[in-house]
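Fold and contact review
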Amino acid sequence: ILNVEQSPQSLHVQEGDSTNFTCSFPSSNFYALHWYRWETAKSPEALFVMTLNGDEKKKGRISATLNTKEGYSYLYIKGSQPEDSATYLCALYLPNYKLTFGKGTLLTVNP
Amino acid sequence: DVKVTQSSRYLVKRTGEKVFLECVQDMDHENMFWYRQDPGLGLRLIYFSYDVKMKEKGDIPEGYSVSREKKERFSLILESASTNQTSMYLCASTPGSGNQPQHFGDGTRLSIL
């Protein structure tokens, strides 16, 4: 089974802080990388799908970068707000229709 | 917006029962998936389907089966429910390309007593 690692496992920050977390994967197995946000009592929501080495994507205060050669992606949140509190999941897509998910990073933003 | 609807948010069943979890999507997506989420283990793929009547095993198919008789509906079946199948179950769908994000239902929290 493919191993997708996310770190840290959990993170507490203060409102207004900027933060980032990491998704690592075997660089030899790459087709696309997905980021999702999963808030409590809601369904996971797609943030980004990234396919190219050097890709950078941005949605409001959240951005992500991708390095396929070294096998990692960073997710950044600028000026964290309490509503950013969620579990952030990354997943690696291989060309067999399957996504393999990491265990997620649980972010808590304190007011 | 894509809508993925799971039939129940909460379900309580007894050991040995046959349990059906239903999922319907309204965007004509080819691919549909069933996952389970357990604390500390992340989302794990049980089964998926890339076309009507087609199914593929995911990473943890034991104790489960699936049915996809119509494109919009993907059912997960617990043949004989056991307590270790107590979990959060999520359904998702996506169009054919892996460059498209998956769209998830709200989940079914299943308890087997």
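The text that follows walks through the structure, step by step, so that each part is easy to find. (Residues numbered from 1 in each chain as written. Chains lettered and ligands numbered in written order. Predicted model: local features only at pLDDT ≥ 70, side-chain atom pairs only at ≥ 80, totals over all residues. Heavy atoms only, no water.)

Summing up its helical and strand segments, chain A has zero helices and eleven strands in all. Taken from N to C terminus, the helices and strands of chain A fall in the order β-β-β-β-β-β-β-β-β-β-β. Computed over C-alpha atoms, the radius of gyration of chain A comes to 13 Å, within 12% of the 13 Å expected from 2.2 N^0.38 for 111 residues, which places it in the range of a compact globule. When each of the 111 residues of chain A is scored for burial, the buried share is 48%. Sequence-distant contacts in chain A: of pairs separated by 6 or more residues, those separated by 24 or more amount to 53%. Here chain A displays about 5,400 Å² of accessible surface, and carbon together with sulfur accounts for 46% of that area. Mean positive and mean negative side-chain charge positions of chain A (10 and 10 charges, respectively) differ by 5 Å. (Helix = DSSP H or I, 4+ residues; strand = E, 2+ residues; numbered from the N terminus. Rg over C-alpha atoms; globule rule 2.2 N^0.38 Å. Buried < 20%, exposed > 50% of the residue type's maximum accessible area, 1.4 Å probe, protein only. Contact = heavy atoms within 4.5 Å. Areas by Shrake-Rupley, 256 points an atom, 1.4 Å probe, with all protein chains shown as cover. Lys, Arg positive; Asp, Glu negative; His and termini not counted. Charge placed at Lys NZ, Arg CZ, Asp CG, Glu CD.)

On to the nonpolar core. With 24 residues, the main nonpolar core has F21, W35, F48, L75, Y88 and L107 of chain A as its most contacted residues. Elements that contribute at least two residues to this core include exactly β2 (10-14), β3 (19-24), β4 (32-38), β5 (45-50), β7 (62-67), β8 (72-77), β9 (86-93) and β11 (105-110) of chain A. Counting residues per element, this core draws most heavily on β9 of chain A, which supplies four residues. Those residues in contact with L107 of chain A that sit more than four places away from it in its chain are L11, V13, T19, F21, I77, D84, S85, A86 and Y88 of chain A. The next biggest cluster of nonpolar side chains, apart from the first, holds 20 residues, and it includes L21, C23, I46 and Y47 of chain B. (Core = buried A, V, L, I, M, F, W, Y, C linked by side-chain atoms within 4.5 Å.)

Further remarks concern the sheet that holds strand β3 (residues 19-25) of chain B. All names here are of chain B. Across the sheet, four strands lie side by side as β1-β3-β8-β7; this open sheet has antiparallel pairing. Looking at strand neighbours, the two that pair on one side only are β1 (4-6) and β7 (64-70), the edges of this open sheet. On average, each strand axis in the sheet is tilted by 20° relative to the strand beside it, whichever way the strands run. As defined by bridge partners, β1 adjoins β3 across three bridges and the pair is classed as antiparallel. Looking across to β3, one finds that T5 is bridged to V24. (Pairing = 2+ DSSP bridges. Axes fitted to C-alpha atoms, helices over the stretch in contact; angles between N-to-C directions.)

Before going further, it helps to spend a moment on the pattern of salt bridges. Residue and element names in this part refer to chain B. Following the criterion strictly, the structure yields eleven salt bridges over all chains and no others. The salt bridge partner of D38 is R36, with a shortest N-O separation of 2.8 Å. Given a relative accessible area of 9%, D38 falls into the buried group. For D38, the salt bridge is made with R44, and the minimal N-O distance between the two is 2.8 Å. Assessed through its relative accessible area of 25%, R44 is described here as partly exposed. (Salt bridge = Lys/Arg side-chain N within 4 Å of Asp/Glu carboxyl O.)

A word on the interface of chain B and chain A. Counting residues at the interface gives 23 residues for chain B, matched by 21 residues for chain A. Between chain B and chain A, roughly 1,900 Å² of surface is buried when both sides are summed, and carbon and sulfur atoms account for 64% of that area. Summed over the shared surface of chain B and chain A, the number is one salt bridge. Note that D59 of chain B is salt-bridged to K98 of chain A, the shortest N-O span being 3.3 Å. At the surface where chain B touches chain A, the tally comes to two residue pairs in polar contact (both at pLDDT 80 or more). At the level of secondary structure, the elements contributing two or more residues to the side of chain B that touches chain A comprise β4 (31-38) and β5 (42-49) of chain B. (Buried area = accessible area lost by both parts, 1.4 Å probe. Polar contact = N/O pair within 3.5 Å; in protein donor to acceptor, adjacent residues only side chain to side chain.)

We now examine the environment of S7 of chain A. All names here are of chain A. Among the structural elements, S7 can be located in strand β1 (residues 5-7). Through-space distance from the C-alpha of S7 to that of T40 is 20 Å; in sequence the pair is 33 residues apart. Sequence-distant contacts of S7, defined by excluding residues within four places in its chain, comprise F21, T22 and T105.

Here the focus is the sheet that holds strand β6 (residues 56-59) of chain A. Residues and elements named next belong to chain A. Overall, antiparallel pairing links the five strands, which are arranged β1-β3-β8-β7-β6 in an open sheet. Both outer strands of the open sheet, β1 and β6, are each paired with one neighbouring strand and no more. On average, adjacent strands in this sheet sit at an angle of 15° to one another, irrespective of strand direction. Across six bridges, β7 lies against β8 in antiparallel orientation. Of the residues in β8, the one forming a bridge with T65 is Y74.

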